[in-house]
Amino acid sequence: ITGQDILFFWVARMMMMQLAVVDEKPFHDVYLHQLVRDPKGVKMAKVLGNVVDPLEIIDEFGADALRFNNAAMASIGGVLKLSTDRIKGYRNFTTKLWNACRFAEMNGVFDADRPLAAPEATETLNKWIIGEVARVRETVDAALDTYRFNDAANALYAFVWGKVCDWYVEFSKPILLEKHPAQDETKATMRWVLEQCMVLLHPFMPFITEELWGTLAKADKMLPVTDWPTYQTADLLDDAADREMNWVINLIEQVRSARAQMHVPVGTYVPMITTQMDAAAKQAWQNNEALIKRLARIEQLTDVEAMPKGCAAVPSAGATFGLPLEGIIDPAEETARLTKSLAKLEKEQKGLNGRLNNPKFIDSAPEDVVAESRARQAELVEEIAKMKDAIARLAELA
């Protein structure tokens, strides 16, 4: 493992020396990483004063956050930009994992015997997350086999934060906090899922995972000598559970998106209506009604013949939903506010486009300034599109 800049000066000479002296190859694989650069993409150098002391970063954010950042940025052919803001984000990631494990510990998840294999689940929620674990294990293995450490790290980040912490733990709360027939099964499943998170994350975040493994899992051997999982996706994936839970998650996300665009107060429970639901959608709603209502802040669902005026559409597979917002928000006031914000963004976009279309600016401006301008240009396109979509939604309510 070495920087690409010394491939000939160091790697090739080691190869030639070993062959010349003992007629053996010193290694069979060479992993060339990019040079570490500062947030603006400039190569770090003492003379430029942009060198960062890794020990200071570790003191502030932890070794795991720095290590995970380097793995997540280690794309083949990419640029490894060392940014403290990004490292801080990965420090927050470790906190997210810690809090999920603490919640599980407080609810007796680690009190039962440690499952050596994926539990036999009957609850749809547990079947779904077991399949998601198998999926991410397969993705991580494929990435590691091809030295794409960034793909492995990013897949684990999305899975642990998004699937496990944001959804599975939240969905499990009513089962764990109240008397529920599936409580024991959910405890066993959550323990297995969190322990798989520790195992798969260990190469990237060895310190926090070993701490959690030793204090919570109480395994008889440390993580570095624990067997790497070999379960297959096909054996653990339940297609019906996968479709149902993904439908639920998508619906909650769509409702949250509509609420955010319409600036509905976060804590306000609103009614929801539907004009049609196919059999699969009805079954998914009935099975998860309490979860959807709690996480999407829905008061009740009502069947209607047609969408009334002043209703924000919520797209969903096999169903048509809407949020009647009359009396909850003022469409005219919201439209005026968003239109004013849109004008500011479009003015900024026009100025930025003019600058980037000017050859003199491209030729004379520092490379990092041009890169920042292009990044902002892409952000503006996305922000403007979202704002226009929100204004269009509001027009439907008027």
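As the structure is a computational prediction, the values presented were derived from the model and not from experiment. (Residues numbered from 1 in each chain as written. Predicted model: local features only at pLDDT ≥ 70, side-chain atom pairs only at ≥ 80, totals over all residues. Heavy atoms only, no water.)

(A) Spotlight on the nonpolar core. By size, the foremost hydrophobic cluster in this structure holds 105 residues, and its most contacted members are Trp-128, Phe-171, Met-190, Trp-247 and Leu-323. The greatest single-element share of this core, amounting to 14 residues, is contributed by helix 6 (residues 149-177). Contact partners of Trp-128, with chain neighbours within four places excluded, come to Lys-163, Trp-167, Tyr-168, Ala-241, Asp-242, Met-245, Asn-246 and Ile-249. (Core = buried A, V, L, I, M, F, W, Y, C linked by side-chain atoms within 4.5 Å. Buried < 20%, exposed > 50% of the residue type's maximum accessible area, 1.4 Å probe, protein only. Helix = DSSP H or I, 4+ residues; strand = E, 2+ residues; numbered from the N terminus. Contact = heavy atoms within 4.5 Å.)

(B) Region of interest: the confidence of the model for the chain. Looking at the chain, pLDDT values average 89 and 98% of them are 70 or higher. Looking over the chain, one finds the lowest element-wise mean pLDDT in strand 4 (residues 80-81), namely 75, and the highest in helix 5 (residues 124-145), namely 96. (pLDDT = per-residue confidence, 0-100.)

(C) The arrangement of the packing of aromatic side chains in detail. Evaluated as defined, the whole model comprises 15 aromatic pairs. With centroids separated by 6.3 Å and ring planes inclined at 35 degrees, the aromatic side chains of Tyr-31 and Tyr-147 adopt a geometry described as tilted. Separated by 116 residues along the polypeptide, Tyr-31 in the loop between helix 1 (7-22) and strand 2 (32-33) and Tyr-147 in the loop between helix 5 and helix 6 bring together distant segments of the chain. What makes Tyr-31 buried here is its relative accessible area of 13%. Accessibility expressed as a relative area gives 35% for Tyr-147, which makes it partly exposed. Relative to Tyr-157, the ring of Phe-93 has its centre 4.8 Å away and its plane inclined at 45 degrees; by these criteria the two rings are tilted. On the criterion of sequence distance, the pair formed by Phe-93 in helix 4 (residues 84-106) and Tyr-157 in helix 6 is long-range, its members being 64 residues apart. Assessed through its relative accessible area of 27%, Tyr-157 is described here as partly exposed. Connected via pairs of aromatic rings, a cluster forms that spans Phe-68, Tyr-90, Phe-93, Tyr-157, Trp-161 and Phe-204. Directly above the aromatic system of Phe-361 lies the positively charged group of Arg-355, at a separation of 5.9 Å from the ring centroid. (Phe/Tyr/Trp six-rings, centres within 6.5 Å; stacked < 30°, edge-to-face > 60°. Lys NZ or Arg CZ within 6 Å of the ring centre and 35° of its normal.)

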